[in-house]
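Structural overview for review
These are the residues of each chain, in order.
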Amino acid sequence: MPSPRYFFNHFMPFTGYPYTGAPTACNLCGSTRSVTVAETDRRLKTLRSIACEQCGLIRTDPMPTPAELANYYATAYRADYQLAFAGGPPRNHLNRSAREATFRANLLAPKLKPGARVLDFGSGSGEFLAAARAKGCEAIGVEPGRDYAAYARKQHGVEVLDDADDARFPAGHFDVITTHHVMEHLRDPADVMVRLSRWLKPDGVLYAAVPNMAATGKPPHERFHFAHVHGFVRETFDLTARRAGLVPHPDYWREDTTVVYAKTDAPVGALAVPGLAQRLAVDLKPMPAGAYLASGAWIWPMLRRNAKAVRDTFVAR
């Protein structure tokens with residue numbers, strides 16, 4: 001069980017997180033100009049989020065350093081966001097992951113043929129890898145979370161790498177690549193998308209999903225997390241893919257920032273979305289933290305999250 005200091009550092013409202021970080025340029029377009037969109041996160045902890053003035057990509061400022069982010073994911077992330085204090089994946093995660101894996105496998109069924117090469121980048125506890133292998137695919141995962149990767153290997157018998165740099169796979173190696181709710185956690189999501197595109201066959205497909213920062217039904221405070229160092233909307237997610245030589249595949253279902261992409265040889269064009277940053281600064285601006293706390297508006301989101309955790313724990317897969 002984590003120490004009292006851990007709970008203070010990660011859950012105490014109106015305090016900052018235990019990191020120093022450093023300013024960074026936008027990973028998508030390279031611009032250093034930005035506007036502030038939020039000063040707190042969903043726990044009412046101090047966390048500054050900015051949107052790039054040129055393209056609109058949201059990022060944490062200051063950005064955690066590579067060492068700080070690696071330490072956070074090795075020691076705190078799973079407990080922070082999935083209440084996995086014991087090390088392995090909790091039941092609510094496994095049930096939710098199994099449902100999502102079934103959905104993803106059904107969506108990509110036209111490409112998940114026997115012998116197809118499949119990569120799941122950020123494979124978690126391995127449910128999608130197991131679903132792909134059940135269809136006769138050659139499936140491999142990349143998962144830096146040691147406990148979850150170990151669970152996937154033991155429970156599903158799948159191959160999972162701890163990491164994969166640019167040289168790990170040859171160009172055009174995979175028929176299908178998937179990455180589900182991973183890009184928002186990365187310091188360099190646009191660069192990683194380029195890497196994944198390079199590994200994809202010319203006629204392959206890349207399924208990518210991230211939380212949609214513009215989704216309705218959530219108060220602004222609920223959209224910012226320390227673990228999510230980048231935030232996407234439909235325009236910036238497509239621009240990230242476009243930079244990597246990818247466009248939405250017309251034959252597949254899409255919902256905002258859950259997309260199946262295909263390769264294209266068309267020129268990339270300008271990495272800019274004029275006016276998007278200013279719009280996001282207005283649309284995502286939370287009410288002052290003290291006023292939000294006093295209003296009681298946080299009670300319903302808290303109850304909703306708890307109800308979801310209970311459902312995912314006890315509802316059968």
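Below you will find a few notes about this structure. Everything numeric in this text was worked out from a predicted model, so none of it was measured.

To continue, consider the sheet that holds strand β7 (residues 174-180). Across the sheet, which stays open at both edges, the 7 strands sit in the order β6-β5-β4-β7-β8-β11-β10 with mixed pairing between neighbours. The open sheet has two edge strands, β6 (159-161) and β10 (246-248), and neither has a second partner. Sheet twist, expressed as the mean angle between neighbouring strand axes with direction ignored, is 25 degrees. Pairing between β7 and strand β8 (residues 200-209): 6 bridges, direction parallel. Along β8, the bridge assignment pairs Thr179 with Ala208. The sheet strands contacting helix α4 (residues 91-107) are β4 (117-121), β7, β8 and β11 (258-263), and the helix crosses β8 at an angle near 145 degrees.

For the rest of this paragraph, the subject is helix α7 (residues 189-199). Because each turn of an α-helix spans 3.6 residues, side chains separated by three or four positions in sequence point in the same direction. With 8 of 11 residues buried, α7 is to be regarded as a mostly interior element. Looking only at α7, the buried set comprises Pro189, Ala190, Val192, Met193, Arg195, Leu196, Ser197 and Trp199.

A separate point is the pattern of salt bridges. Overall, the coordinates contain 12 salt bridges when judged by the stated rule. Close ionic contact of Arg33 with Glu53 constitutes a salt bridge, the shortest N to O distance being 3.2 Å. Here Arg33, found in the loop between α1 (4-11) and β1 (34-40), pairs with Glu53, found in the loop between β2 (46-52) and β3 (58-60); they are 20 residues apart in sequence, far enough to count as distant. Put simply, Asp191 and Arg243 hold a salt bridge, and the shortest N to O gap is 3.2 Å. Taken as a pair, Asp191 in helix α7 and Arg243 in helix α8 (residues 234-243) lie far apart in primary sequence, 52 residues in all. On the basis of relative accessibility, which here comes to 26%, the residue Arg243 falls in the partly exposed class. Three or more residues joined by partner-sharing salt bridges are found here, namely Glu100, Arg104 and Asp120.

Turning to the packing of aromatic side chains, a few remarks are in order. Per the stated rule, a full pass over the model turns up 9 aromatic pairs. Note on Phe103 and Trp253: the rings are 5.4 Å apart at their centroids and 85 degrees apart in plane angle, and the pair reads as edge-to-face. One end of the pair, Phe103, is in helix α4; the other, Trp253, is in the loop between β10 and β11, and 150 residues separate them in sequence. Judged by its relative accessible area of 37%, Phe103 is partly exposed.

In this section: the sheet that holds β2. Ordered in space as β1-β2-β3-β9, the 4 strands form an open sheet in which the pairing is antiparallel. Each edge of the open sheet carries a strand with a single partner, namely β1 and β9 (230-231). Pairing analysis gives 3 bridges linking β2 to β3, with the strands arranged antiparallel. Bridging from a neighbouring strand, Ile50 pairs with Arg59 of β3.

Enumeration over the complete set of coordinates arrives at 0 disulfides. No disulfide involves Cys55; its sulfur sits 3.5 Å from the nearest other cysteine sulfur, which is in Cys26. Taking the relative accessible area as the measure of exposure, Cys55 reaches 0% and is therefore buried.

Here Asn27 is to be found in the loop between α1 and β1. Here Asn27 falls in the buried class, since its relative accessible area comes to 14%. Among the polar contacts listed, one links the side chain of Asn27 to the backbone nitrogen of Ala190, at a separation of 2.8 Å. Polar contacts involving the side chain of Asn27 include one to the side chain of Asp191, which spans 3.0 Å. Other than its neighbours up to four places away in sequence, Asn27 contacts Arg187, Asp188, Pro189, Ala190, Asp191, His230 and Arg243.

Turning to the packing of α7 against α8, a few remarks are in order. Look at α7 against α8: their axes get within 8 Å of each other, and the N-to-C directions meet at 50 degrees. In terms of their interaxial angle, α7 and α8 are classed as oblique. Note on packing geometry: the crossing formed by α7 with α8 is right-handed. Facing Pro189, Ala190, Asp191, Met193 and Val194 of α7, the residues of α8 in contact are Phe237, Thr240, Ala241 and Arg243. Classifying every residue of the contact of α7 with α8 by side-chain character gives 6 nonpolar, 1 polar and 2 charged.

Basis of the calculations
- Residues numbered from 1 in each chain as written.
- Predicted model: local features only at pLDDT ≥ 70, side-chain atom pairs only at ≥ 80, totals over all residues.
- Heavy atoms only, no water.
- Pairing = 2+ DSSP bridges.
- Helix = DSSP H or I, 4+ residues; strand = E, 2+ residues; numbered from the N terminus.
- Axes fitted to C-alpha atoms, helices over the stretch in contact; angles between N-to-C directions.
- Contact = heavy atoms within 4.5 Å.
- Buried < 20%, exposed > 50% of the residue type's maximum accessible area, 1.4 Å probe, protein only.
- Salt bridge = Lys/Arg side-chain N within 4 Å of Asp/Glu carboxyl O.
- Phe/Tyr/Trp six-rings, centres within 6.5 Å; stacked < 30°, edge-to-face > 60°.
- Disulfide = S-S within 2.5 Å.
- Polar contact = N/O pair within 3.5 Å; in protein donor to acceptor, adjacent residues only side chain to side chain.
- Parallel < 35°, antiparallel > 145°, perpendicular 65-115°, else oblique.
- Left-handed = near helix turned anticlockwise from the far one by under 90°.
- Nonpolar A, V, L, I, M, F, W, Y, C, P; charged D, E, K, R; others polar.

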